[in-house]
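# Architecture and fold: a report
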Amino acid sequence: MGSLPYLNLMTDSGYNVIIIGGGVVGLAVALEITRRFPRLRLLVLEKEDGVARHQSGHNSGVIHSGVYYKPGSLKARLSVAGAAAMVEFCREHGIPHKVCGKVIVATRADELPRLEDLRRRGEANGLTGLRLIGPEELRELEPHASGLRALLVPSTGITDYAVVCEKYAELISASGGTVLTAAAATGIRRSTNEIVVETSRGAFATSALINCAGLFSDRISRMAGDRPSARIIPFRGEYYDLVADRASLVRALIYPVPDPRFPFLGVHFTRRITGKVDAGPNAVLAFAREGYRATDLNLRDFVSALAFPGFWRMAARYWRNGFAEWYRSLSKPAFVHALQRMLPEVRENDLIPGGSGVRAQAVKPNGDLVDDFQFVPSGRVLHVLNVPSPAATASLTIARTIVDTATFLSE
């Protein structure tokens, strides 16, 4: 869309580096390259008519603290520093944000040891101010919440990542980079001296390529002649919104204690930067990689998932969780019942259908879910194959790590 302020088309199709994907990670990588290597000619290719049209623009807007992630993992190391970097970026550029904190609420006795484990894990990851609180203090922070105990996580915040992405793109353009929208990659040809990316808007030559295609990162990898070790399986997260006159039930963020065997955090309450309060999401298999509605079906995406042995092995392992998620998706009373564990006053009439998002979950052939970030070099190509939440939170620190990994940029 040529009217976008960050679009800066160049007549010469030769670039030093091309990034496929105009989501939060691809744009953050591009921004890092313009800062570290200002003389490189850089092009970001985005298939939609604007940036952040999928995962980056359909998330909860939470600036995650890093409390959940395994100590020593990339997620843990990058999210804690990334959250601080994101808050500073928002401050510097006047992007609405708020460090509001959140409570993780244990509502059953068997969740109390897991809550203590989360506290220890968060402290091991470098978080400060974590505190276990009782029901009375929980009520002081969230007057309508109920639980046996809760973990206070004061460093959690909220922002709008679509606005963050627009600012990333603006800064890239101001530094001489190009963000080209409505340019879907349709083919990649690699030779000794160059890589040619064929798109719906022409072919572009480069000496280096970084694949940040998110939901399609595995397909771009195969398009480049590589064989990714995992397949992207899309999961749709569906939200309800609290009606305006009941939004006061939630001051900030209220989360359940997550099941450590499952990568999703469970239905929770999130007050967005706009003041609206979301409730959700569930996590159900999507029949399309961009399937934001239950009726959306892309035959190629669906067959690709069903034909992958890892999908069936994953399904055999997590079918009970999957059935519960599907049931909550189909039954509003079941969805509300899950929410009432933490917020007993919420009723069906308090909730109206909200938005949805699709998570790109990488699954191994043995059915294991790829939990940590995954960056795979292949010559002068780097594939970013798994960057689930907290990718938006940690995008600036993820970008630094990706650029560090792409050593060919400095050659």
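A quick note: this is a predicted structure, and the numbers were derived from the prediction, not measured.

Reported here for the second largest pocket is a volume of approximately 530 Å³. As for the second largest pocket, its lining consists of 23 residues, of which Asp259, Gly266, Glu325, Arg328 and Arg341 are closest to the centre. Looking at the lining of the second largest pocket, the element that brings in the most residues is helix 8 (residues 309-330), giving five residues. A per-class count over the lining of the second largest pocket returns ten nonpolar, three polar and ten charged.

Right, let's get into the domain arrangement of the chain. Here the domain parsing of the chain yields domain 1 (14-100 + 157-230 + 372-410) and domain 2 (231-369). Inter-centroid distance (C-alpha atoms) of domain 1 to domain 2 is 25 Å. Of the residues lining the interface, 31 residues belong to domain 1; the matching set on domain 2 comes to 27 residues. Summed over the three residues of domain 1 that lose the most area to domain 2, namely Tyr68, Leu215 and Arg219, the buried surface amounts to 26% of that side. Connecting domain 1 to domain 2 are three salt bridges. Salt-bridge contacts for Asp218 lead to Arg289; the nearest nitrogen and oxygen are separated by 2.6 Å. Here domain 1 and domain 2 share ten residue pairs in polar contact (both at pLDDT 80 or more) between them. Only strand 5 (97-98), strand 9 (157-159), helix 6 (217-223) and strand 22 (381-386) provide two or more residues apiece to the side of domain 1 that touches domain 2.

The next subject is a nonpolar patch on the surface. On the surface, Leu297, Leu299 and Val303 cluster together into a nonpolar patch covering about 310 Å² of accessible area. Counting through the fold element by element, Val303 comes out in helix 7 (residues 299-306). Residue classification places Val303 among the partly exposed residues on the basis of a relative accessible area of 46%.

With that out of the way, let us pick up the environment of Ile254. One can find Ile254 in strand 16 (residues 253-256). For Ile254 and Val267, which are 13 residues apart along the polypeptide, the C-alpha to C-alpha distance reads 9.4 Å. Not counting residues within four places of it along the chain, the set of residues in contact with Ile254 comprises Val103, Val105, Glu142, Ala145, His268, Phe269, Met342 and Leu343.

Our focus in this paragraph is the pattern of salt bridges. All chains considered together, the criterion is met by 28 salt bridges. Here Glu116 makes a salt bridge to Arg120, at a shortest N to O gap of 3.3 Å. Taken as a pair, Glu116 and Arg120 lie in helix 3 (residues 112-124) at a separation of four residues, close to a single helical turn. Using a relative accessible area of 44% as the deciding quantity, one classes Arg120 as partly exposed. The partner of Glu411 in a salt bridge is Arg380, with the nearest N and O atoms 2.9 Å apart. Note that Glu411 is positioned in the segment after helix 10 (395-405) and Arg380 in the loop between strand 21 (374-378) and strand 22, a separation of 31 residues in sequence.

Attention now moves to unusual backbone geometry. Between Gly280 and Pro281 the backbone carries a cis peptide bond, its omega angle lying at 0 degrees. As for its position among the elements, Pro281 is in the loop between strand 18 (277-280) and strand 19 (284-285). Pro390 follows Ser389 through a cis peptide bond whose omega is 15 degrees. Inspection of the secondary structure puts Pro390 in the loop between strand 22 and helix 10. With a phi angle near 60 degrees, Ala52 is a residue other than glycine that sits in the positive phi range. On the secondary structure map, Ala52 appears in the loop between strand 3 (42-45) and strand 4 (62-63). At Ala182, a position not held by glycine, the phi torsion is positive, near 55 degrees. Positionally, Ala182 belongs in the loop between strand 10 (178-180) and strand 11 (185-190).

Our focus in this paragraph is empty space enclosed by the protein. Inspection of the entire model under this criterion finds two cavities of 30 Å³ or more. In this model, the largest cavity occupies a volume close to 60 Å³. In this structure, the largest cavity is lined by Gln55, Gly214, Ser217, Ile232, Ala360, Val384, Leu385, Asn386, Val387 and Pro388. For the lining of the largest cavity, the element with the highest residue contribution is strand 22, accounting for three residues. A class-by-class count of the residues in the lining of the largest cavity yields six nonpolar, four polar and no charged. Its volume calculated, the second largest cavity comes out at about 40 Å³. Around the second largest cavity sit Ser217, Asp218, Pro228, Ala230, Arg231, Ile232, Ala362, Gln374 and Leu385, which together line it.

In this section: the packing of helix 1 (residues 24-36) against helix 5 (residues 161-174). Relative to each other, helix 1 and helix 5 sit at 30 degrees, their axes nearing to 9 Å. Here helix 1 is positioned roughly parallel relative to helix 5, judged by the angle of their axes. Taken as a pair, helix 1 and helix 5 cross one another with a handedness that is left-handed. Between helix 1, through Val24, Leu27, Ala28, Ala30, Leu31, Thr34 and Arg35, and helix 5, the contact on the second element is made entirely by Cys165, Tyr168, Ala169, Leu171 and Ile172. Each residue belonging to the contact of helix 1 with helix 5 can be placed in one class, and the counts come to ten nonpolar, one polar and one charged.

In this section: the state of the cysteines. What the rule picks out here adds up to zero disulfides. Sulfur of Cys100: no disulfide; nearest cysteine sulfur belongs to Cys90 and is 13 Å away. No disulfide involves Cys165; its sulfur sits 11 Å from the nearest other cysteine sulfur, which is in Cys90.

What counts and what doesn't
- Residues numbered from 1 in each chain as written.
- Predicted model: local features only at pLDDT ≥ 70, side-chain atom pairs only at ≥ 80, totals over all residues.
- Heavy atoms only, no water.
- 1 Å grid on protein atoms, 1.4 Å probe; cavity = no way out; pocket = protein on both sides within 12 Å on 5 of 7 lines; lining within 4 Å.
- Points joined across faces, edges and corners; volume = space filled by probe spheres on them.
- Helix = DSSP H or I, 4+ residues; strand = E, 2+ residues; numbered from the N terminus.
- Nonpolar A, V, L, I, M, F, W, Y, C, P; charged D, E, K, R; others polar.
- Domains from an automatic or database assignment.
- Contact = heavy atoms within 4.5 Å.
- Buried area = accessible area lost by both parts, 1.4 Å probe.
- Salt bridge = Lys/Arg side-chain N within 4 Å of Asp/Glu carboxyl O.
- Polar contact = N/O pair within 3.5 Å; in protein donor to acceptor, adjacent residues only side chain to side chain.
- Patch = residues over 30% accessible without salt bridge, like charges linked within 9 Å, V, L, I, M, F, W, Y side chains within 5 Å.
- Areas by Shrake-Rupley, 256 points an atom, 1.4 Å probe, with all protein chains shown as cover.
- Buried < 20%, exposed > 50% of the residue type's maximum accessible area, 1.4 Å probe, protein only.
- Axes fitted to C-alpha atoms, helices over the stretch in contact; angles between N-to-C directions.
- Parallel < 35°, antiparallel > 145°, perpendicular 65-115°, else oblique.
- Left-handed = near helix turned anticlockwise from the far one by under 90°.
- Disulfide = S-S within 2.5 Å.

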